[in-house]
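The primary structure of each chain is shown beneath.
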Amino acid sequence: MLKKRVEEALNAQINAEIWSAHFFLAISLHFAENGYPGFAARMKYQHQEEHRHALRLMDYVIEQGGKVELQDIVDIPSDFGDPVESFEQVLVHLMRITDTFDTLLDVVCDERDRATRAVLDWFVLNQVKEEAEISQIIAYLKRMTNENGYYMMDLELIKKY
Ligand SMILES: [Fe+2]
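Treat the numbers as computed from the prediction; the structure is a model and nothing was measured.

Conventions used here
- Residues numbered from 1 in each chain as written.
- Predicted model: local features only at pLDDT ≥ 70, side-chain atom pairs only at ≥ 80, totals over all residues.
- Helix = DSSP H or I, 4+ residues; strand = E, 2+ residues; numbered from the N terminus.
- Expected span 1.5 Å × (residues − 1).
- Buried ≥ 20, exposed ≤ 12 C-beta atoms within 10 Å, placed from the backbone.
- Contact = placed C-beta atoms within 7 Å.
- UniProt positions renumbered as here; feature names shortened; annotations may be inferred.

Draft legend 1. Structural context of the overall build of the protein. Check the secondary structure of the protein and you find 5 helices and 0 strands. Helices and strands in the protein line up, N terminus first, as α-α-α-α-α. For the protein, the C-alpha atoms occupy an extent of roughly 55 × 25 × 25 Å along the three principal directions.

Draft legend 2. Molecular detail of helix α2 (residues 37-63). The first and last C-alpha atoms of α2 sit 39 Å apart over 27 residues, in line with the 39 Å expected at 1.5 Å per residue. Listed in full, the buried residues belonging to α2 are Gly38, Phe39, Ala40, Arg42, Met43, Gln46, His47, Glu50, His53, Ala54, Leu57 and Val61. Packed against the buried residues of α2 are α1 (4-33), α3 (83-110), α4 (114-143) and α5 (147-160). Phi turns positive, to about 75 degrees, at Gly65, one or two residues after α2.

Draft legend 3. How the structure looks around the UniProt feature "binding site: Fe cation" (unreviewed entry) in the protein. In the numbering used here, UniProt assigns the "binding site: Fe cation" (unreviewed entry) feature to Glu17, Glu50, His53 and Gln127. The largest pairwise C-alpha distance within this set of annotated residues, which runs over 111 residues, is 11.9 Å, so the set is compact in three dimensions. With 24 C-beta atoms packed within 10 Å, Glu17 lands in the buried category. Glu50 sits in the buried class, given 22 other C-beta atoms within 10 Å. Residues contacting Glu50, with those up to four places away along its chain left out, are Glu17, Ser20, Ala21 and Phe24.

Next comes the structure, spelled out in structure tokens:
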């Protein structure tokens, strides 16, 4: 059984993950529309990942006898700029999601909810992995900030995703 504060904080995180899924869908479309199928595929994969994260947390809330409350999805950016600017926006976005996990964990630790903490451990480590991967893409792109460089990186991601 979840404590009320933990249930509310988990609901905030579920809605943040859905918002995140939508953010990645928007940026995937941006890349697809601008001739970068590899970047688009990577972002679409991330969209599906974020959706899975939301479902995973929803299942846990239900399993614990809680209630999931979905909110409207708002504030999705529509202007992403060139590939470097776009991936920089992705990194800022991921860091914002990491912050929401930290806020959630503060509540969970405060309420001494060990089960929820165990569930969240995977998510916290996954954020580190995701931020590192996007930082690496930004670093590569910055070494070759021209169409050739973007094209090479895009091809690289087509092979991977
Ligand atoms: Fe996520």
